[in-house]
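# Close look at the chain arrangement
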Amino acid sequence: EDRKLIAVSLSLSQQGAILDPYSLDTIRIFPTGDEPRGLLALGPSLYVAERGAGTVSVYNTSNGRRLQQVVAGRDPIRLAHTGDQIYVSQYSDSVLTVLLPGQQQVMREISTHGVNREMIYDAPSRRLFVVDEQRGGLGVIDVNANLLIDRVGLGCRVVGLAVTP
């Protein structure tokens, strides 16, 4: 049986934790880079945006060992997966960094001209929607071309988003 686990970033202690979702027992604690933030689980790998280190590290969820580390911008904070690419938003930069799973380098940087933090992917449209906290709206990224293709102004500070079924 493939048991699901809960991963948690512990920013102040520079650690990650793996928890059992039923018992809530801590299965393991592992060291991360400086100021871990966003997490992304892909199979047995856990991607961690390490804001203070400016990196995204990949950890093995079975043993907590770091498998690889990629310099991914000035202060990476959130991660989004689109099936074949990983997008990294920055805390105070107007750039999204694009990574390929398993690669140890940045594939591309996309200028968004805003302060982007939260992101959500819509598979049918192949678009990544990015919150622009600075301008009060959303940026729309075409993930096939890796380009900012549109902006949606909402006239107020946006802090979260979701794609409904």
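Residues numbered from 1 in each chain as written. Predicted model: local features only at pLDDT ≥ 70, side-chain atom pairs only at ≥ 80, totals over all residues. Heavy atoms only, no water.

## Here we look at the overall build of the protein
Check the secondary structure of the protein and you find 0 helices and 15 strands. Relative to its length of 165 residues, the protein is compact, with a C-alpha radius of gyration of 16 Å against a globular reference of 15 Å. Taken over the C-alpha atoms alone, the protein extends approximately 45 × 35 × 30 Å along its principal axes. Within the protein, contacts between residues separated by at least 24 positions form 31% of all contacts whose residues are at least 6 apart in sequence. About 8600 Å² of surface is accessible on the protein, with carbon and sulfur atoms providing 49% of the total. In the protein, which carries 16 positive and 17 negative side-chain charges, the distance between the mean positions of the two groups comes to 2 Å. (Helix = DSSP H or I, 4+ residues; strand = E, 2+ residues; numbered from the N terminus. Rg over C-alpha atoms; globule rule 2.2 N^0.38 Å. Contact = heavy atoms within 4.5 Å. Areas by Shrake-Rupley, 256 points an atom, 1.4 Å probe, with all protein chains shown as cover. Lys, Arg positive; Asp, Glu negative; His and termini not counted. Charge placed at Lys NZ, Arg CZ, Asp CG, Glu CD.)

## Here we look at the packing of aromatic side chains
Enumeration according to the criterion identifies 1 aromatic pair in this entry. Taking the ring centre of Tyr91 as reference, the NZ or CZ of Arg51 above it sits at 3.6 Å. The ring of Tyr91 carries the charged tip of Arg117 above its face, separated from the ring centre by 4.0 Å. (Phe/Tyr/Trp six-rings, centres within 6.5 Å; stacked < 30°, edge-to-face > 60°. Lys NZ or Arg CZ within 6 Å of the ring centre and 35° of its normal.)

## Some points on the pattern of salt bridges
Counting across every chain of the model gives 9 salt bridges. Arg51 is the partner of Asp75 in a salt bridge, and the nearest nitrogen-oxygen pair spans 4.0 Å. Note that Asp75 is positioned in the loop between strand E7 (66-71) and strand E8 (76-81) and Arg51 in the loop between strand E5 (45-50) and strand E6 (55-60), a separation of 24 residues in sequence. When its relative accessible area of 18% is taken as the criterion, Arg51 is described as buried. A salt bridge links Arg117 to Glu133; the shortest N-O distance between them is 2.8 Å. (Salt bridge = Lys/Arg side-chain N within 4 Å of Asp/Glu carboxyl O. Buried < 20%, exposed > 50% of the residue type's maximum accessible area, 1.4 Å probe, protein only.)

## A look at unusual backbone geometry
The phi dihedral of Leu24 falls on the positive side, at around 65 degrees, and the residue is not glycine. Position of Leu24 relative to the elements: it lies in the loop between strand E2 (15-19) and strand E3 (26-31). Here Leu24 falls in the exposed class, since its relative accessible area comes to 61%. The backbone of Arg126 sits at a positive phi, close to 55 degrees, despite the residue not being glycine. In this fold, Arg126 is placed in the loop between strand E12 (116-122) and strand E13 (127-132). Take Arg126: its relative accessible area is 23%, and that puts it in the partly exposed class.

## Comments concerning the environment of Gln85
Tracing the backbone through its elements, the reader meets Gln85 in the loop between E8 and strand E9 (86-90). Along the backbone, Gln85 and Arg108 are 23 residues apart, and their C-alpha atoms lie at a distance of 10 Å. Not counting residues within four places of it along the chain, the set of residues in contact with Gln85 comprises Ala80, Val98, Leu99, Leu100, Pro101, Met107, Val143 and Asn146. A polar atom in the side chain of Gln85 sits 2.9 Å from the side chain of Asn146. (Polar contact = N/O pair within 3.5 Å; in protein donor to acceptor, adjacent residues only side chain to side chain.)

## Quick word on the side chain of Thr32
Locating Thr32 in the fold gives a position in the loop between E3 and strand E4 (36-42). Its relative accessible area of 10% is what places Thr32 among the buried residues. Polar contacts involving the side chain of Thr32 include one to the main-chain amide nitrogen of Gln15, which spans 3.5 Å. In contact with Thr32, not counting residues within four places along its chain, are Gln14, Gln15, Gly16, Glu50, Tyr59 and Arg66.

## Describing the pairing of E4
In this sheet, E5 lies alongside E4 in antiparallel orientation, the contact comprising 5 bridges. Paired with Leu40 across the bridge in E5 is Tyr47. Where E4 hands over to E5, the hairpin turn is made up of 2 residues, of which Gly43 adopts a positive phi near 60 degrees. (Pairing = 2+ DSSP bridges.)

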